[in-house]
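# Structure at a glance
Here is how the chains run, residue by residue.
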Amino acid sequence: MDPTLIKAGDHVIIRMPSNNAKIVCIKENTTVSLGKFGSFRANEIIGTAFGHTYEIEKGGSIKPHKQSSFDNADITEANNKEINDDPNSQKLSFEEIEKLKKQSLSGDVSAQEIINSLTENNESFAKKTEFSKSKYIKRKQRKFMKSFLPLETTVYNLCDYFFTVNPSKIRGIRIDTLSQMLSLANVYSRARVLAVDDGQGLVVASLLSRISEGGMVFGVHDGDVHNYDILRYTNFCAETKERLLTLSWSKLYHKMEPFTEVLAEDASEQDRMGRERRLRGHTKLSNTLDNLNRGNFDALVISTNYNAKSVVERLIPYLGGSRTLVVYDQSKEALVELFAWLRESASFVNVQMTESWLREYQVLPSRTHPLMNTSGGGGFLVSAIYLAPPTHEAAAEVADAKAEASN
């Protein structure tokens, strides 16, 4: 099926007219509720495209939203100097407006009909500039319109969603900082990446989105089972998810022993099933440790709640030579010790600490300008290129060269 179309079982980010958003799982024969913005049947959206705005009709059906003529406002000779802020310019009474709201909730009156009534009965509306009319209409749409915009759960959209709704879940990683992490780590399709992600899987998900056949993401985590919660929203196929291997910190230096469990001849079916389960677990752990101990990973990407220097010291032996280390943290102070240690070490070059700055712009005809509100920060990154330890032969050659130079 076309990946740009919504399928049953997909997770979708639903953006409402108020610009609030929620993540829902589209299940057949269910109803999706959007609070005061109405509810619709999930079957109606299955097979439709992401990125299109839909209006909710009475009965839970949906239809594509028609663009308003004020959505493309242009420059005119009109201005707002003759307009007074007079509450009496609205001819509709408070009771009449409340009645229209109740009819809208029951589905007897559409949101567009309410907006048309408000504009037709507003004496000052005709005197406004096209820009003012557009802003007025959009304010009323955010208040009354029963519509929604389904967005695909890409890494970009998920990062933007959680940074707005629950930034602590992803350790405050902003989308521009995440993109820098991927760029600095040089993550390509067949890369083998070693990762520590305590941000519930956002970094791991972003790495998986860039890995294809032949590549792998190896995640080191707390506890017996990883907590990469964000992965379940990504709609990754089973093949992509199989490229993720995980290992608990407690198993990092685990020594594997041969599986020697033998069942008695009169063992029950339950005992045999238990042995098979333990054998599968033993085999999986053995394969995971083999992948780790092969080393020569193409990148080491870290976003951890632990001391960054101690994590790097444990995992750096598994990184290949001339490969990149990237460490993220919300505060600069948490990375100062690591940054100083990397600068003093002879095993790292091009050590940098960076902080990105992001400013969003409104881009509309004749109305392009930076937004007034912006985030205070998106975190800090420390990056460096790791120099692999020299082999015994290379070390001997260097020693001989130094001896000859001294003579």
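Look a little higher up for the structure.
What comes next is a walk through the structure. (Residues numbered from 1 in each chain as written. Predicted model: local features only at pLDDT ≥ 70, side-chain atom pairs only at ≥ 80, totals over all residues. Heavy atoms only, no water.)

## Looking at the layout of surface pockets
Empty pockets left among the atoms are what a rolling probe the size of a water molecule brings to light. What counts here: Buriedness for pockets is judged along seven lines, at least five of which must meet protein on both sides within 12 Å for an open set on the 1 Å grid over protein atoms alone, while cavities are sets there where a 1.4 Å probe fits but cannot get out, and lining residues have an atom within 4 Å of a point. Grid points are joined across faces, edges and corners, and a volume is the space filled by probe spheres set on the points. Secondary structure counts use DSSP, requiring at least four H or I residues in a row for a helix and at least two E residues in a row for a strand, with both numbered from the N terminus. Three categories are distinguished: nonpolar for Ala, Val, Leu, Ile, Met, Phe, Trp, Tyr, Cys and Pro, charged for Asp, Glu, Lys and Arg, and polar for the others, with Gly belonging to the last.
Roughly 1,900 Å³ of internal volume is contained in the largest pocket. Lining the largest pocket we find 47 residues, and of these R15, P17, N19, R142 and L371 sit closest to its centre. Going through the elements one at a time, strand 1 (11-15), helix 4 (130-144), strand 7 (147-152), helix 5 (155-165) and strand 14 (361-362) are the ones with two or more residues in the lining of the largest pocket. A per-element tally of the lining of the largest pocket places helix 5 first, with eight residues. By residue class, the composition of the lining of the largest pocket is 21 nonpolar, 14 polar and 12 charged.

## Here we look at the nonpolar core
Operational definition: In this text, buried Ala, Val, Leu, Ile, Met, Phe, Trp, Tyr and Cys residues form a nonpolar core when linked through side-chain atoms within 4.5 Å. With a 1.4 Å probe rolled over the protein chains alone, any residue whose accessible area is under 20% of its type maximum counts as buried; one over 50% counts as exposed, and the rest are partly exposed. Should any heavy atoms of two residues lie within 4.5 Å, those residues are considered in contact.
Of all hydrophobic cores here, the largest spans 39 residues; its most connected members are F162, L178, M181, V193, L207 and L231. Within the residue set of this core, elements represented by two or more residues are helix 5, helix 6 (175-185), strand 8 (192-197), helix 7 (202-210), strand 11 (297-303) and strand 12 (319-329). Those residues within four positions of F162 in sequence are excluded, and the remaining contacts are I23, P167, K169, I170, I230 and Y233. Among the nonpolar cores identified, the runner-up in size contains 32 residues, and F218, A308, Y318 and L342 belong to it.

## A word on the packing of aromatic side chains
Definition in use: Geometry of aromatic contacts follows a simple scheme: Phe, Tyr and Trp rings, the Trp one being its six-membered ring, pair when their centres are within 6.5 Å, and the pair is stacked under 30 degrees between planes, edge-to-face over 60, tilted otherwise. Ring-over charges, as used throughout, are those where CZ of Arg or NZ of Lys falls within 6 Å of the ring centre and within 35 degrees of the ring normal.
Throughout the structure, instances matching the rule amount to seven aromatic pairs. On the basis of an interplanar angle of 80° and a centroid distance of 5.0 Å, the ring pair of Y161 and F162 is categorised as edge-to-face. Classification of Y161 by relative accessible area gives buried; the value is 14%. On the numbers, 5.9 Å between centres and 55° between planes, the contact of W341 with F348 is tilted. A connected cluster of aromatic rings, assembled from ring pairs, spans F40, Y54 and F148. The aromatic ring of F297 is capped on one face by R192, whose charged end is 4.3 Å from the ring centroid.

## Considering the packing of helix 6 against helix 7
Quick note on the threshold: Note on geometry: axes are C-alpha line fits, over the in-contact stretch for helices, and angles between N-to-C directions span 0 to 180 degrees. Oblique is the label for any angle not covered by the other classes, which are roughly parallel (under 35 degrees), roughly antiparallel (over 145) and roughly perpendicular (65 to 115). Two helices crossing with the near one rotated counterclockwise from the far one by less than a right angle form a left-handed crossing, whereas a clockwise rotation gives a right-handed crossing.
Contact geometry for helix 6 and helix 7: axes closest at 11 Å, N-to-C directions at 55°. Taken together, the axis directions place helix 6 and helix 7 in an arrangement best described as oblique. Pair helix 6 / helix 7 crosses with right-handed handedness. Contact residues: L178, M181 and L182 in helix 6; L202, V203, S206, L207 and R210 in helix 7.

## Some remarks on the sheet that holds strand 5 (residues 54-56)
The line we're drawing: Between any two strands, at least two bridges found by DSSP are needed for them to pair.
Strand order in the open sheet formed by five strands is 2-1-7-5-6, with antiparallel pairing between adjacent strands. The sheet is open, and its two edges are formed by strand 2 (21-25) and strand 6 (62-64), each paired on a single side. With direction set aside, neighbouring strand axes in the sheet form an average angle of 35°. When strand 5 meets strand 6, the two strands line up antiparallel, connected through three bridges. Paired with E55 across the bridge in strand 6 is K63. Seen against the sheet, helix 5 touches strand 1, strand 2 and strand 7 and runs at an angle of roughly 125° to strand 2.

## Things to note about the pairing of strand 16 (residues 380-386)
The element strand 16 is largely enclosed, with a buried count of six among its seven residues. Bridge count for strand 12 against strand 16 is seven bridges, and the pairing is antiparallel. Within strand 16, the residue paired with Y328 across the bridge is L381. Both strand 13 (residues 348-355) and strand 16 contribute to a ladder of six bridges, which runs antiparallel. Paired with V349 across the bridge in strand 16 is I385.

## Looking at unusual backbone geometry
Look at R171: it is not a glycine, yet its phi comes out positive at around 60°. Inspection of the secondary structure assignment puts R171 in the loop between helix 5 and helix 6. Look at Q200: it is not a glycine, yet its phi comes out positive at around 60°. Mapped onto the elements, Q200 comes out in the loop between strand 8 and helix 7.

## Some details on the pattern of salt bridges
What counts, and what does not: Basic side-chain nitrogens of Lys or Arg form a salt bridge, by our definition, when they fall within 4 Å of a carboxyl oxygen of Asp or Glu.
By the definition in use, this model includes 13 salt bridges. Here R171 ties to D329 by a salt bridge, and the two come within 3.2 Å at their closest N and O atoms. Of this pair, R171 sits in the loop between helix 5 and helix 6 while D329 sits in strand 12, placing them 158 residues apart in sequence. By relative accessible area, D329 is classed as buried at 10%. Of the charged contacts in the structure, one is a salt bridge between R243 and E239, with a shortest N-O distance of 3.2 Å. Residue E239 is classed as partly exposed on the basis of its relative accessible area, which comes to 46%. One network of salt bridges, with partners in common, ties together K169, D229 and R232.

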